[in-house]
Amino acid sequence: MFGTRFTKAVLGAAVVGTLSLGLAACSSSGSDGSKGDGASSSAAKGGKRSIETAFGTVEVPAEAKRVVALGDTALDTAISVGVTPVGTSSSRGGTTAPAYLKADGIPLVATVKEPNIEAILKATPDLILASSGIEKSQYDQLAAVAPTVVPKAGNWREVATAHGDALGHKDDVTGKLDALDKRAAKAGEGKTGSAVVMRWMPNGPIVMNTTNMPGDLLKKAGAGTVPIADELGKQPHSDPLSMENLNRADADRIFVATLNAEGEKALETARHQPAFMRLKAAVTDHAVGVDGQVWSSSSGPIAAEKVVADIEKAFATP
């Protein structure tokens, strides 16, 4: 976190520089959780629209020109509707934006854990898209720079749709996700059996929650689930499993990822473990390596499309 003295100094510089991002206009009208005037999402007035967020009602530009997208899902959603952000954050476990988005030209203004307020100020955004679950103190810093949209806690679709709404493309995002649901359902026609998404980590494999984007799309394809993935509540994944407990992740199909794109390498590592090779999916050759930046970190429309393409390929295997 940035210290108070540093934050005040940076914000003071922003005022002197006349960034056209006046604090009264930029911060949310209900950052304490109040509902403002009750305006619904996409209700336009005076070139602005009111968006309901995790921190109350926020007025955003009717058509944002300079967007900072913090987090894989925010960046993914922006790019999916044709918006190229002027700043973004590095991917989880990486030092660049997610490789699958081909966003090398977008300046990095944050890490996964923390925004660089000075870099964000230099980007002069008129809208900031942030990840769900950020701390109130971080939100306050961002909202002092530009209108900041933090989606309310919800499922992955609601988060992506909230970012799309802030950009004025809610219907586009909804349409893309509906089309992907249909593709997933078609991929699973006539197929039976269970599926699990596993991230193979140095300290032990973990099982991803079935409510995450890949798990949800696998269910749309008709795949059954395993108890360990169903019983995680709001946890995104299980605790690391020992080899003795790996049978808790036994499923007819296993999608193996890691934190980066090297899913095939992670799968090859897993195949050196006798416990893994005893799992049904390993025995029947229905274990596949997948891009972890897509399958275990993001949940935007572009990532969802890549997951569906992987499901189509995997389910086409007899």
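The following refers to the structure shown. Fair warning: this is a prediction, and the values are worked out from it, not measured in the lab.

Each value, and the rule that gives it
- Residues numbered from 1 in each chain as written.
- Predicted model: local features only at pLDDT ≥ 70, side-chain atom pairs only at ≥ 80, totals over all residues.
- Heavy atoms only, no water.
- Core = buried A, V, L, I, M, F, W, Y, C linked by side-chain atoms within 4.5 Å.
- Buried < 20%, exposed > 50% of the residue type's maximum accessible area, 1.4 Å probe, protein only.
- Helix = DSSP H or I, 4+ residues; strand = E, 2+ residues; numbered from the N terminus.
- Contact = heavy atoms within 4.5 Å.
- Salt bridge = Lys/Arg side-chain N within 4 Å of Asp/Glu carboxyl O.
- Axes fitted to C-alpha atoms, helices over the stretch in contact; angles between N-to-C directions.
- Parallel < 35°, antiparallel > 145°, perpendicular 65-115°, else oblique.
- Nonpolar A, V, L, I, M, F, W, Y, C, P; charged D, E, K, R; others polar.
- Pairing = 2+ DSSP bridges.
- 1 Å grid on protein atoms, 1.4 Å probe; cavity = no way out; pocket = protein on both sides within 12 Å on 5 of 7 lines; lining within 4 Å.
- Points joined across faces, edges and corners; volume = space filled by probe spheres on them.
- Phe/Tyr/Trp six-rings, centres within 6.5 Å; stacked < 30°, edge-to-face > 60°.

1. Quick look at the nonpolar core
The nonpolar side chains of a soluble globular protein tend to be buried, and buried together. Within the largest apolar cluster, 70 residues are counted, with the highest numbers of intra-cluster contacts made by Leu-127, Leu-218, Trp-295 and Ile-311. With eight residues, the top contributor of residues to this core is helix H14 (residues 301-315). For Leu-218, the contacting residues outside a window of four places in its chain are Ala-195, Val-197, Ala-223, Phe-255, Trp-295, Ile-311 and Phe-315.

2. Brief notes about the pattern of salt bridges
On inspection of all chains with the given rule, the structure shows 10 salt bridges. Of the charged contacts in the structure, one is a salt bridge between Lys-65 and Glu-63, with a shortest N-O distance of 3.5 Å. As a salt-bridge pair, Lys-136 and Asp-140 come within 2.9 Å of each other at their nearest N and O atoms. Of this pair, Lys-136 and Asp-140 both sit in helix H5 (residues 136-143), four residues apart, roughly one helical turn. When salt bridges with common partners are traced through the structure, they connect Arg-157, Asp-181, Asp-216 and Lys-220 into a single cluster.

3. Points about the packing of helix H3 (residues 72-80) against H14
To describe two helices that pack against each other, one gives the angle between their axes and the distance between the axes. Following both chains from N to C, one finds H3 and H14 inclined at 90°, their axes separated by 7 Å at the closest point. The angle between H3 and H14 falls in the class roughly perpendicular. Contacts between H3 and H14 pair Asp-76, Thr-77, Ile-79 and Ser-80 from the former with Pro-301, Ile-302 and Ala-303 from the latter. Its residues assigned to classes, the contact of H3 with H14 comprises four nonpolar, two polar and one charged.

4. Here's the deal with the side chain of Ser-80
Summarising the element assignment, Ser-80 is placed in helix H3. Leaving out residues up to four positions away in the same chain, Ser-80 has contacts with Lys-176, Pro-301 and Ile-302.

5. Notes on the sheet that holds strand E9 (residues 195-199)
The strand order across the open sheet formed by four strands is E10-E9-E11-E12, and the pairing between neighbours is mixed. Looking at the sheet topology across the chains shown, the edges are occupied by strand E10 (206-207) and strand E12 (287-289). Where E9 lies against strand E11 (residues 253-257), five bridges are found, and the strand directions are parallel. Bridge pairing links Val-197 to Phe-255 in E11.

6. A word on the layout of surface pockets
Here the largest pocket is characterised by a volume of approximately 1300 Å³. Along its surface, the largest pocket is lined by 47 residues, and Thr-73, Arg-92, Ser-131, Ser-132 and Ser-297 are the ones closest to its centre. Of all the secondary structure elements, the ones that give two or more residues to the lining of the largest pocket are H3, H5, helix H6 (156-166) and helix H8 (213-220). In this model, the second largest pocket occupies a volume close to 240 Å³. What lines the second largest pocket is a set of 14 residues, and nearest its centre among them are Val-288, Gly-289, Asp-310, Lys-313 and Ala-314.

7. Here we look at empty space enclosed by the protein
In this structure the tally under the stated criterion is two cavities of 30 Å³ or more. In this structure, the largest cavity encloses a volume near 80 Å³. Lining the largest cavity we find 13 residues, and of these Ala-195, Val-196, Thr-210, Gly-215 and Leu-218 sit closest to its centre. For the lining of the largest cavity, the elements supplying multiple residues, two or more each, are E9 and H8. Taken together, the residues of the lining of the largest cavity break down into seven nonpolar, five polar and one charged. Space inside the second largest cavity adds up to approximately 40 Å³. When its residues are assigned to classes, the lining of the second largest cavity shows two nonpolar, four polar and three charged.

8. Topic: the packing of aromatic side chains
According to the stated counting rule, one finds three aromatic pairs in the structure shown. When the centroid spacing of 4.2 Å and the interplanar angle of 15° are considered together, the rings of Phe-55 and Tyr-139 count as stacked. With Phe-55 in the loop between strand E2 (48-53) and strand E3 (56-61) and Tyr-139 in helix H5, this residue pair connects regions lying 84 residues apart in the sequence. Seen in terms of ring centroids, Phe-255 and Trp-295 are 4.7 Å apart; in terms of plane orientation they differ by 15°. Their pairing is stacked. Here the residue Phe-255 occupies a position in strand E11, and Trp-295 occupies one in helix H13 (residues 292-295), the gap between them amounting to 40 residues. Like Trp-295, Phe-255 is buried.

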